[in-house]
Amino acid sequence: MLAVVALVIALAIAFAAGYVTRDLISRKRRAQARRWRDYTEPGWLRAAAPANTNEAANTNAAVPPATGELGQMLDRWENRARARRAG
């Protein structure tokens with residue numbers, strides 16, 4: 001019975017090691033592809049930028065109109081939320 005438990009534990013460790021190795025190789029391959037293509041991180045992806053705000057980063061910048069039904073609906077919701085916050 002102890003041999004079966006040891007075999008199951010060894011199998012679980014080998015399985016986990018395979019996933020870790022696959023993840024490391026994938027990360028290395030993606031990093032190499034980004035270097036090869038001269039990838040630059042877009043400004044909106046920075047961690048320093050505030051994430052889930054309804055306020056535009058630059059209030060002087062023109063906001064493009066919402067296109068499509070979903071965009072119009074989201075724009076209306078955002079306008080109502082701003083009106084509720086304003087009082």
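Right above here is the structure, for reference.
On a predicted model such as this, the values are computed, not experimentally measured, just so you know.

Participant: Explain the overall build of the chain here, please?
Facilitator: Within the chain, the regular secondary structure consists of two helices and zero strands. The buried share of the chain, taken over its 87 residues, is 2%. As displayed, the chain has an accessible area near 8400 Å², and 62% of this comes from carbon and sulfur atoms.

Participant: Looking at this structure, how should I read a positive patch on the surface?
Facilitator: Positive charge collects at one region of the surface, where Arg29, Arg30, Arg34 and Arg35 lie side by side. Mapped onto the elements of the fold, arginine 35 is located in helix 1 (residues 2-36).

Participant: I would appreciate a short explanation of the pattern of salt bridges in the present structure.
Facilitator: As a working rule, side chains carrying opposite charge can pair if their charged atoms are close by. A full pass over the atoms with the stated rule returns two salt bridges. Note that arginine 27 and aspartate 23 form a salt bridge whose closest N and O atoms lie 2.9 Å from each other. Of this pair, arginine 27 and aspartate 23 both sit in helix 1, four residues apart, which is roughly one turn of that helix. The exposure class of arginine 27 is exposed, given its relative accessible area of 52%. Taking the shortest distance from any N to any O, the salt bridge between glutamate 78 and arginine 82 comes out at 2.4 Å. Linking glutamate 78 with arginine 82, this pair stays in helix 2 (residues 68-86), spanning four residues, or about one helical turn.

Participant: Please explain the packing of aromatic side chains as it appears in this structure.
Facilitator: Here the distance between the centres and the angle between the planes together describe a pair of aromatic rings. For the coordinates displayed, the defined rule picks out one aromatic pair. Taking the centre distance of 5.1 Å and the plane angle of 70° together, the rings of phenylalanine 15 and tyrosine 19 count as edge-to-face. Of this pair, phenylalanine 15 and tyrosine 19 are both found in helix 1, four residues apart, which corresponds to roughly one turn of the helix. A relative accessible area of 56% places phenylalanine 15 in the exposed class.

Participant: What is the right way to look at a nonpolar patch on the surface in this model?
Facilitator: Judged by side-chain polarity, Met1, Leu2, Val5, Ile9 and Ile13 come together as a nonpolar surface patch covering roughly 590 Å² of accessible area. Tracing the backbone through its elements, the reader meets isoleucine 9 in helix 1. Owing to a relative accessible area of 48%, isoleucine 9 belongs among the partly exposed residues under this scheme.

Participant: I keep staring at helix 1 and nothing clicks. Help me out?
Facilitator: Side chains three or four residues apart in an α-helix point the same way, a direct result of the helix having 3.6 residues per turn. Between its first and last C-alpha atoms helix 1 spans 51 Å; for 35 residues at 1.5 Å apiece the expected length is 51 Å, and the two agree. Looking one or two residues past helix 1, aspartate 38 carries a phi angle of roughly 55°, positive in sign.

The rules behind these values
- Residues numbered from 1 in each chain as written.
- Predicted model: local features only at pLDDT ≥ 70, side-chain atom pairs only at ≥ 80, totals over all residues.
- Heavy atoms only, no water.
- Helix = DSSP H or I, 4+ residues; strand = E, 2+ residues; numbered from the N terminus.
- Buried < 20%, exposed > 50% of the residue type's maximum accessible area, 1.4 Å probe, protein only.
- Areas by Shrake-Rupley, 256 points an atom, 1.4 Å probe, with all protein chains shown as cover.
- Patch = residues over 30% accessible without salt bridge, like charges linked within 9 Å, V, L, I, M, F, W, Y side chains within 5 Å.
- Salt bridge = Lys/Arg side-chain N within 4 Å of Asp/Glu carboxyl O.
- Lys, Arg positive; Asp, Glu negative; His and termini not counted.
- Charge placed at Lys NZ, Arg CZ, Asp CG, Glu CD.
- Phe/Tyr/Trp six-rings, centres within 6.5 Å; stacked < 30°, edge-to-face > 60°.
- Expected span 1.5 Å × (residues − 1).

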